[in-house]
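Given next are the chains, with one letter for each unit.
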Amino acid sequence: MSLEVAQLSRRFGDAQALRDVSLAVRGGEFVALLGPSGSGKTTLLRVLAGLDFADAGTVRIDGRDMSAVPARERGIGFVFQSYALFRHMSVFENIAFGLRVRPRAQRPPRAEIARRVEALLGRMGIAELARRLPEQISGGQRQRVALARALAIEPRLLLLDEPFGALDAEVRKGLRRWLRALHAELGLTSLFVTHDQEEAMELADRVAVMQAGAVVQFDTPAAILDRPASAFVAGFLGHAARLPARLSAGALHFDPLPLPPLPRAALRATPEAEGPAVAFVRSHEWRIRPAAAGEGNATLLHARRSGGREQLEIDLAGQVIEAEAAPGLLQPGQPCVVEAVTARAYADKP
Amino acid sequence: MAPGVSPTAEPRWLRRLLIGAAALLLGLFLLLPLAAVFTEALRRGWAPAWQALSEPDAVAAVRLTLLVAAIAVPVNMAGGVAAAWCIAKFRFPGRSLLLALIELPFSVSPVISGLVWVLLFGAQGWFGPWLQAHDVQIVFAVPGLMLATLFVTFPFVARTLIPLMQDQGRGAEEAAATLGASGWQTFRRVTLPDIRWALLSGVLLCNARAMGEFGAVSVVSGHIRGETNTMPLHVEILYNEYQFVAAFAVAALLALLALVTLAAKTLLERGTRRGLPA
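Analysis parameters
Residues numbered from 1 in each chain as written. Chains lettered and ligands numbered in written order. Predicted model: local features only at pLDDT ≥ 70, side-chain atom pairs only at ≥ 80, totals over all residues. Heavy atoms only, no water. Helix = DSSP H or I, 4+ residues; strand = E, 2+ residues; numbered from the N terminus. Buried < 20%, exposed > 50% of the residue type's maximum accessible area, 1.4 Å probe, protein only. Contact = heavy atoms within 4.5 Å. Areas by Shrake-Rupley, 256 points an atom, 1.4 Å probe, with all protein chains shown as cover. Lys, Arg positive; Asp, Glu negative; His and termini not counted. Charge placed at Lys NZ, Arg CZ, Asp CG, Glu CD. Buried area = accessible area lost by both parts, 1.4 Å probe. Salt bridge = Lys/Arg side-chain N within 4 Å of Asp/Glu carboxyl O. Polar contact = N/O pair within 3.5 Å; in protein donor to acceptor, adjacent residues only side chain to side chain. Pairing = 2+ DSSP bridges. Axes fitted to C-alpha atoms, helices over the stretch in contact; angles between N-to-C directions. Patch = residues over 30% accessible without salt bridge, like charges linked within 9 Å, V, L, I, M, F, W, Y side chains within 5 Å. Core = buried A, V, L, I, M, F, W, Y, C linked by side-chain atoms within 4.5 Å. Phe/Tyr/Trp six-rings, centres within 6.5 Å; stacked < 30°, edge-to-face > 60°. Lys NZ or Arg CZ within 6 Å of the ring centre and 35° of its normal.

Enquirer: So what's going on with the overall build of chain A? Which residues, and what values?
Expert: From N to C terminus, chain A includes 8 helices and 20 strands. Judged by the C-alpha coordinates and their principal axes, chain A covers about 85 × 45 × 35 Å. Here chain A holds 350 residues, and the buried ones make up 49% of them. Of the contacts made within chain A by residues no fewer than 6 positions apart, 67% connect residues no fewer than 24 positions apart. Carbon together with sulfur atoms contributes 49% to the accessible area of chain A, which is approximately 15,600 Å² in total. A gap of 7 Å separates the mean positions of the 44 positive and 39 negative side-chain charges of chain A.

Printed below as a string of structure tokens:
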């Protein structure tokens, strides 16, 4: 199964929901659509499923143009954000639905349907819920039912809209790992929408970062974290401090902030031309030491233990930055010296 | 504050006053007239009442009323579901106009709802000459009664369904589509079961009005005894002829039909509140 999206555009009134989106997904891949709300992720997913239509562009599945194929003939599994389970049907009937509505010639016999639904229930670990109604089970269980229902039709492509959005943090973590395993085990090709970058990075083989209806970067999590393609991507990912900067004379200057300039060679992303820029420095990319008398460009506001490190909130001439340090290095209120070890800088387009 | 008293509760005397006033009004305006209908019908015992009901014109009126309801209710059920479906599940140009049109029969006087058919299909109406030339009788005949009743009772089903269907959204239908269901399968297996209680409630209200409608039907009926008189019209005729017992006997039967309908509706609503599954 392969999916090719080419130059897809969609407009709702004045809002450009999709802007020239192109994307090629290989069979077996697990792809995340990551972006802030309103960036077009869900619209893209709905267009792929045939629940919405593009104004321009094509969607091809295994080379076949899907534009004239209605949703019900696409054979794409869709897991809705709010699950959209059939309220009046038991869990069993919900999962069996896709098989029961098949034309007589393709419909499996009754016993075969029951066998397949029970197998799915077992795989999802919800066998004991078969007779319950959706309103009688928990959010995490509903999520599994929605997934089982989508998988019952043996889809060639699985689409998940914010699959963990409505769940609490604990359930979320467990389901994430489980979904990753399931994807691998069943050999699925999946796309899921999320606004949670950790979720995208942990689950996906590749991540498509979306901004204002466009895919601004499509790459592996490691590559995206390492080389964000734009200031937007750098800012959206990886808890980075956004600093005003200027590239001149082969170095990045942070004025008006009291930070020493960084030579061009120390930068992990460099603007093409000299001039105003924005720089992103992640929390582990700072060097910090207690200030001796008469020096110091910053003050520790607050420290929080996290794992073997300490997360520091530091006041740098009025801008609060987050940094990491060894525990006990500084006391709150203590003056200190901070400098950036590296930074990713992008031209500051007006 | 005494335990068990809600912080938002009014003082006891005020609550009693309000409840008392409501009960008094209810008794005065709803129960008393209903009781009067049945008392007057049975004033001289069961025999005269029964006689009035078994008289051929009365039987014809009952039959016609049931026939009108039997046609108006299914037609408006189908039309109401279709209209509610369009309005609740889709956005299209003219949607608010359609919504306004659905409410039109509620907002115009029943007399006008009857008069429009006379203006369209009456002897002097737009299509009158053509109809006469082809020997088709609509006004002052059963088809006219049908049209007037259909018009007046159209909003009930749609109005009951629209808020519910809007609330439910399109998620379940979209899910059914991705699972391969056709439009009809989606409607029958997903949409209809979700709205069935509201639909029944709307149908019963529609039925009650279809049987009880007076104004619109009166304009198009022509009051031909045994032919175009429905029960409400028959009651009026009998009353104007000072046949009080007969008038009230037919009225009591009509009220009884309405009461049965309302009782059925209440029972259904109780079922819904309990959240009865499937």
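There's plenty left to go through after this.
Enquirer: How would you summarise the interface of chain A and chain B if you had to cite specific residues and measurements?
Expert: Often the size quoted for an interface is simply the accessible area lost on bringing the parts together. Opposite the 20 residues of chain A that make contact, chain B presents 20 residues. Between chain A and chain B the total buried area reaches about 1,800 Å² when both faces are included, carbon and sulfur atoms providing 61% of it. Of all residues in chain A, Arg72, Arg87 and His88 of chain A give up the largest surface area on contact with chain B, accounting jointly for 34% of the area buried on that side. Applying the counting rule to chain A against chain B returns 2 salt bridges. Residue Glu174 of chain B is joined to Arg46 of chain A by a salt bridge in which the shortest nitrogen-to-oxygen separation is 2.6 Å. Linking chain A with chain B are 6 residue pairs in polar contact (both at pLDDT 80 or more), by the criterion used here. Sorting the residues of the side of chain A that touches chain B by element identifies strand 6 (76–79), helix 2 (91–100) and helix 4 (139–151) of chain A as the ones contributing at least two each. Ranked by the residues each element gives to the side of chain A that touches chain B, the list is headed by helix 2 of chain A, at 3 residues.

Enquirer: Summarise the pairing of strand 7 (residues 157–161) of chain A; cite the residues concerned and give the values.
Expert: Residue and element names in this part refer to chain A. Of all 5 residues in strand 7, 5 are buried, a share of seventy percent or more. Covered by surrounding structure in strand 7 are Leu157, Leu159 and Asp161 together with Leu158 and Leu160, the residues of both alternating faces. Where strand 6 and strand 7 come together, 4 bridges link them in parallel fashion. Directly across from Gly77, in strand 7, lies its bridge partner Leu158. In terms of strand pairing, strand 7 meets strand 8 (residues 190–194) through 4 bridges, oriented parallel. Across the sheet, Asp161 pairs through a bridge with Val193, a residue of strand 8.

Enquirer: Could you give me a rundown of the sheet that holds strand 8 of chain A, with the residues and numbers involved?
Expert: All names here are of chain A. The strand order across the open sheet formed by 6 strands is 6-7-8-3-9-10, and the pairing between neighbours is mixed. Of all strands in the sheet, those with a lone pairing partner are strand 6 and strand 10 (214–219), marking the two edges. Averaged over all pairs of adjacent strands, the angle between their axes in this sheet comes to 20°, without regard to strand direction. As paired elements, strand 3 (residues 30–34) and strand 8 share 5 bridges and run parallel to each other. Note that in strand 8 the partner of Val31 across the bridge is Leu191.

Enquirer: Please set out a nonpolar patch on the surface residue by residue, giving values where relevant.
Expert: A grouping of Leu25, Leu26, Leu28, Phe29, Leu30, Leu31 and Leu32 of chain B is seen on the molecular surface, where their side chains present a nonpolar patch of about 750 Å² in accessible area. Given a relative accessible area of 53%, Leu30 of chain B falls into the exposed group.

Enquirer: Let's hear about the nonpolar core: which residues, and what values?
Expert: Residue and element names in this part refer to chain A. Ile95, Leu121, Leu147, Leu151, Leu158 and Val207 are the most contacted members of the largest nonpolar core, which totals 45 residues. Elements represented by at least two residues in this core include exactly strand 3, helix 2, helix 3 (110–124), helix 4, strand 7, helix 5 (169–186), helix 6 (197–203) and strand 9 (206–211). A per-element tally of this core places helix 4 first, with 6 residues. Dropping the residues within four chain positions of it, Leu121 is found in contact with Val91, Phe92, Ile95, Ile126, Ala127 and Ala130. Formed by 42 residues, the second largest nonpolar core is a distinct cluster that contains Val21, Phe97, Leu191 and Val193.

Enquirer: Describe in detail unusual backbone geometry, supporting the description with residues and values.
Expert: Of note, the amide linkage connecting Asp255 of chain A to Pro256 of chain A takes the cis form, showing an omega dihedral of 10°. If you trace the backbone, Pro256 of chain A turns up in the loop between strand 12 (251–253) and strand 13 (262–263). Positive phi outside glycine occurs at Glu162 of chain A, with the angle close to 40°. If you trace the backbone, Glu162 of chain A turns up in the loop between strand 7 and helix 5. With a relative accessible area of 9%, Glu162 of chain A lands in the buried category. Although it is not a glycine, Tyr242 of chain B adopts a positive phi angle of roughly 60°. Judged by relative accessible area, Tyr242 of chain B falls into the exposed class, the value being 65%.

Enquirer: Give me the lowdown on the sheet that holds strand 16 (residues 298–306) of chain A, citing residues and values where you can.
Expert: Residue and element names in this part refer to chain A. Here we have 5 strands laid out as an open sheet, ordered 15-19-16-17-18, and antiparallel in their pairing. Each edge of the open sheet carries a strand with a single partner, namely strand 15 (286–290) and strand 18 (319–325). Neighbouring strand axes in the sheet, compared pairwise and without regard to direction, differ in orientation by 35° on average. Both strand 15 and strand 19 (residues 335–340) contribute to a ladder of 5 bridges, which runs antiparallel. By the bridge assignment, Trp286 is partnered in strand 19 with Ala340.

Enquirer: Which residues make up the packing of aromatic side chains, and what are the values?
Expert: For the coordinates displayed, the defined rule picks out 15 aromatic pairs over all chains. With centroids separated by 4.5 Å and ring planes inclined at 40°, the aromatic side chains of Phe78 of chain A and Phe80 of chain A adopt a geometry described as tilted. Taken as a pair, Phe78 of chain A and Phe80 of chain A share a single burial class, namely buried. With a centroid separation of 6.1 Å and 50° between ring planes, the pair formed by Trp85 of chain B and Phe90 of chain B is classed as tilted. Using a relative accessible area of 32% as the deciding quantity, one classes Phe90 of chain B as partly exposed. Sitting above the plane of the Trp178 of chain A ring, Arg144 of chain A keeps its charged end 4.5 Å from the centroid. Over the ring of Phe86 of chain A we find Arg149 of chain A; its NZ or CZ atom is 4.6 Å from the centre of that ring.

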